[in-house]
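Here is what each chain is made of, one letter per residue.
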Amino acid sequence: DPDGERLTIVDDEGEVLSDTEALLVFIELVREHLLGDRIVLPVNTTSRAVEIAARSGLTVVHTKISAPVLMTASTDRGVGFAADGRGGFILPGFLPAFDAAAALVKLLDLLARTDRSLSEVRRSLPAVSMAQESVSTPWETKGTVMRTLVETADAPLELVDGVKALYPDGRWVLALPDPDAPVTQVWAEAATVTEAKSLAKEWAKRIRRVVR
């Protein structure tokens, strides 16, 4: 990008990787060469990232969806890689901040070490089924919305940022007030896109009931 912070990746077959694919590619490649035992990612990142990291005994630490928070967390002991899931990558051993040029060089280095093409790595990635909803939420009701979601949750909660419900079958949903607009963002992940959309819509309905 113009600021040199975020990277868009095109593989050897001309495919433009989505931000999620780029993130998972990096984790797949770096997991055997990480200088540390932890990876830092925002709380709205796909669970597939956790699964890939776990293959090499690595732990994923979730943070708030905030660049300053992510950069600060990347300086913690044991953290060898961080990313925001939107094309921003942090290599703490080089610089605890987004640097697209450094990320590109690191990507090429990792590909050379593994002797795999980028398209091979892309095709090996697990499927990701996520959905997102945006719900209009007046500023004055955002607090009420979050409290209500906590009180009525039907699954264990993770309160790193917003309200994230973790279902036993691997599904999860996150509701987070937008800091810049009268909106609540909802992300969901499930085994299929249809299930993810259904879960996101269900929680969007819960929010609308409170807003009315």
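Note that the structure is predicted; figures quoted are calculated from it, not measured.

Asker: What's the story with the pattern of salt bridges in this structure? I'm lost.
Answerer: Pairing between side chains of opposite charge can happen when their charged atoms approach one another. With the rule as written, the count across this model stands at 20 salt bridges. Between Asp169 and Arg171 there is a salt bridge; the shortest N-O distance is 2.9 Å. Under the relative-accessibility criterion, Asp169 is labelled exposed at 53%. Classification of Arg171 by relative accessible area gives partly exposed; the value is 24%. One connected set of salt bridges, linked through shared partners, spans Glu28, Arg31, Glu32, Arg55 and Arg116.

Asker: Would you mind going over a positive patch on the surface with me for this structure?
Answerer: A surface patch of like charges, here positive, comprises Lys205, Arg208, Arg209 and Arg212. Positionally, Lys205 belongs in helix α7 (residues 193-211). A relative accessible area of 51% places Lys205 in the exposed class.

Rules behind the numbers
Residues numbered from 1 in each chain as written. Predicted model: local features only at pLDDT ≥ 70, side-chain atom pairs only at ≥ 80, totals over all residues. Heavy atoms only, no water. Salt bridge = Lys/Arg side-chain N within 4 Å of Asp/Glu carboxyl O. Buried < 20%, exposed > 50% of the residue type's maximum accessible area, 1.4 Å probe, protein only. Patch = residues over 30% accessible without salt bridge, like charges linked within 9 Å, V, L, I, M, F, W, Y side chains within 5 Å. Areas by Shrake-Rupley, 256 points an atom, 1.4 Å probe, with all protein chains shown as cover. Lys, Arg positive; Asp, Glu negative; His and termini not counted. Charge placed at Lys NZ, Arg CZ, Asp CG, Glu CD. Helix = DSSP H or I, 4+ residues; strand = E, 2+ residues; numbered from the N terminus.

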